[in-house]
Amino acid sequence: MNFRIQYKYIVEENISLSLPVCNNSPFLRNKRMYMSMNVLKKIFLSVLCTVAVSVAAWGEELVSAVLPIADPYVLFYEDTYYAYGTSRADGFEVYSSKDLKSWKRSSRLALSKEDSYGDKWFWAPEVYYVAKEKKFYMYYSVEEHVCVATSDSPFGPFVQDEKKPIREEKGIDTSVFFDEDGKAYLYFVRFTNGNVIWCAELKDNLKEIKEETLTQCIEAAEPWELVFGKVAEGPSVVKRDGLYYMLYSANDFRSQDYAVGYATSDSPFGPWKKSRKNPLLHKVEELVGTGHGAPFLDRTGRYRYVFHAHKSRTEVNQRNSYIIDMSLTGEDRVSIGGGLIRPEVVK
């Protein structure tokens, strides 16, 4: 029996790969040939495994081993995750995923500068579905002014009714919290003493703030917050059992010590009590410059936290995004860590 015939036999006649036993066969009495058969069997098993992996990934081509956005935000809507972030000079991209690992980039921008105030510095978009309006609202900053645009789809296009910022004063890093009583609050950064986080109640149209409610929330003052610059930014607020939790980032984003902390309050306006456990997220595995993220609930109801990190230990940009587990069970029982997901882009 030559090599070609025996290989054909294994493939076509013995799919289980259990070789037939015949004590009177001269083939089995030939030790060298028997060893060759075992080698062949191992090779064929290896080929089968390779084919199985290829079939499992069939139809998806790897475009990028990283998710190339900074200041990321994840929206979960109708069993699909949507990711938005800072990446382009002319607007915002949107990526979608079913499993948080593999993401597909939309062929069109979620928001283009042609539909918005401003021409440059499109930063930190966050998108919310407002059921009573049956609309998606994108809050973001452009040319260091905070803006809002709307769309009928999480893919966009997001368009401003009027191409103007929410406020004439400069500001960045918008985030909205919708409270149980129906009120909505806009958190954002003003340049009042470095980068300082402020809050104001939104009007019913969700496109203007009640200026008289403008309140300072978080200013960099702790040692871990002052490694590089005087910066508190990237706020996100969640509420659990009547307690408000604000997650925020501190230090200049270019610092390897860019990190995430949290504070708690009995009111959406504060006063905010910073945790003694801070920072919560700082230099994960080989990742540095970890911060400016946002919490979200996955399809199982578990908290996750999406954040960006530097391109490498020697380069800041392009910053890339990652997802990590988050636990929130009490004022002093907040943690971020474990279950690190390294998203990739496929098509």
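Quick note: structure is the one above.
Keep in mind that this is a model prediction, so the values were computed, not measured.

So, how was this worked out
Residues numbered from 1 in each chain as written. Predicted model: local features only at pLDDT ≥ 70, side-chain atom pairs only at ≥ 80, totals over all residues. Heavy atoms only, no water. Helix = DSSP H or I, 4+ residues; strand = E, 2+ residues; numbered from the N terminus. Buried < 20%, exposed > 50% of the residue type's maximum accessible area, 1.4 Å probe, protein only. Pairing = 2+ DSSP bridges.

Moving on, we come to unusual backbone geometry. Residue Pro279 follows Asn278 across a cis peptide bond; omega there is -5 degrees. For Pro279, the location among the structural elements is in the loop between β18 (273-274) and β19 (291-297). The linkage connecting Asn317 with the following residue, Gln318, adopts the cis geometry, with an omega of 0 degrees. For Gln318, the position within the fold is in the loop between β20 (303-309) and β21 (320-328). Non-glycine residue Glu144 carries a positive phi angle of around 55 degrees. Structurally, Glu144 can be placed in the loop between β9 (135-142) and β10 (145-151). Even without being a glycine, Glu285 presents a positive backbone phi close to 50 degrees. Relative to the assigned elements, Glu285 resides in the loop between β18 and β19. With relative accessibility at 55%, the residue Glu285 sits in the exposed group.

A few words on the pairing of strand β15 (residues 232-240). Counting buried positions over the nine residues of β15 gives seven, a clear majority of the element. As judged from the seven bridges shared by β15 and strand β16 (residues 243-250), these two strands associate in the antiparallel manner. The residue of β16 that forms the bridge with Val238 is Tyr245. Between β15 and β16, which follow one another and run antiparallel, lie two residues, and Asp241 among them has a positive phi close to 50 degrees.

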